[in-house]
Amino acid sequence: MPESRTRKQAADKKKQASAEAAAEARAERKRRVAAPGSRRWVPPTFITVGLLGVLWLVVYYIAGHLIPFMSDLGGWNVLIGMGCMAAAFAIATLWK
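Throughout this description, residue numbers start from 1 for each chain and increase along the sequence as written. In view of the model being predicted, local features appear only for residues whose pLDDT reaches at least 70, and side-chain atom pairs are presented and counted only at 80 or more, with totals across whole chains, interfaces and linings using the full set of residues. Side-chain figures throughout are based on the complete set of non-hydrogen atoms in the structure, without hydrogens or water.

Student: Got a minute to help me understand the overall build of the chain in this structure?
Tutor: What the chain contains, in helices and strands, is four helices and zero strands. The order of helices and strands in the chain, counted from the N terminus, is α-α-α-α. Computation of the radius of gyration draws on C-alpha atoms, with the globule rule given as 2.2 Å multiplied by the number of residues to the power 0.38. Computed over its C-alpha atoms, the radius of gyration of the chain comes to 30 Å, more than 25% above the 12 Å expected for a compact globule of 96 residues. Considered along the principal axes of its C-alpha atoms, the chain spans approximately 100 × 25 × 20 Å. Residues classed as buried in the chain amount to 15% of the 96 residues present. Any two residues whose heavy atoms approach within 4.5 Å are treated as being in contact. Taking the intrachain contacts of the chain between residues at least 6 apart in sequence as the baseline, contacts between residues at least 24 apart amount to 62%. None of His or the chain ends enter the tally, which takes Lys and Arg as positive and Asp and Glu as negative. For the purpose of locating charges, the reference atoms are NZ of Lys, CZ of Arg, CG of Asp and CD of Glu. Here the chain contributes 14 positively and 6 negatively charged side chains, and the mean placements of these two sets differ by 8 Å. In this text, helices come from DSSP runs of H or I with a minimum length of four residues, and strands from runs of E with a minimum of two, each type numbered from the N-terminal end. Burial status follows relative accessibility: with a 1.4 Å probe on protein chains alone, a residue under 20% of its type maximum counts as buried, one over 50% as exposed, and anything between as partly exposed.

Student: Would you take a moment to explain the packing of aromatic side chains for this structure?
Tutor: Any aromatic ring pair is given by two values, namely how distant the centres are and how the planes are angled relative to each other. Here is the rule: rings of Phe, Tyr and Trp (six-membered ring for Trp) pair when centre to centre is within 6.5 Å. Planes less than 30 degrees apart are stacked, more than 60 are edge-to-face, and the remainder are tilted. Enumeration over the complete set of coordinates arrives at three aromatic pairs. Pairing F46 with W95 gives two aromatic rings, centres 5.8 Å apart and planes at 50°, and the pair type is tilted. Here F46 is found in helix α2 (residues 42-63), whereas its partner W95 is found in the segment after α4 (76-92), with 49 residues between them in sequence. W95 sits in the partly exposed class, given a relative accessible area of 48%. Between the aromatic rings of W56 and F69, the centroid separation amounts to 6.1 Å while the plane-to-plane angle is 55°, which identifies the pairing as tilted. Of this pair, W56 sits in helix α2 while F69 is found in helix α3 (residues 68-73), placing the two residues 13 residues apart along the sequence.

Student: Hey, could you run me through the environment of Y61 in this one?
Tutor: Looking at the element boundaries, Y61 is found in helix α2. As for Y61 and E28, which are separated by 33 residues in sequence, their C-alpha atoms are 56 Å apart.

Student: Quick question: what am I supposed to make of α2 here?
Tutor: Because an α-helix completes one turn every 3.6 residues, residues spaced three or four positions apart along the sequence face the same direction. By definition here, a helix of n residues has an expected span of 1.5 Å times n minus one. Compared with an ideal rise of 1.5 Å per residue, which puts 22 residues at 32 Å, α2 spans 31 Å between its outermost C-alpha atoms and is within 8% of the ideal. All of the buried residues along α2 are V42, P43, F46, G50, G53 and L57. Along the axis of α2, the buried residues cluster in a sector spanning 115°; they form a single face. Opposite the buried face of α2, at more than 90 degrees from it, the exposed residues are T48, L51, L55 and I62. Directions pointing from the helix axis toward each C-beta atom define the arc.

Structure, rendered in structure tokens:
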């Protein structure tokens, strides 16, 4: 049985729409930015920075008055130690 014109036009529109969608999807994949490379550097970095912050605070509280630049910094040593630990937590969020 012959197909009506309206059905034939609807089928053609559907084929054309799906072809356009596929072409747009291919173009979108090309536009995407490549995913960042390996994140193997994150764990050693955040562990190192965190331990550096803890070590800074321990040294400041135990022998800060004996180390000239630490005694000059005064209360800023606490901010430096806590800042290193906060930076370690921020770096840890990059780990996947």
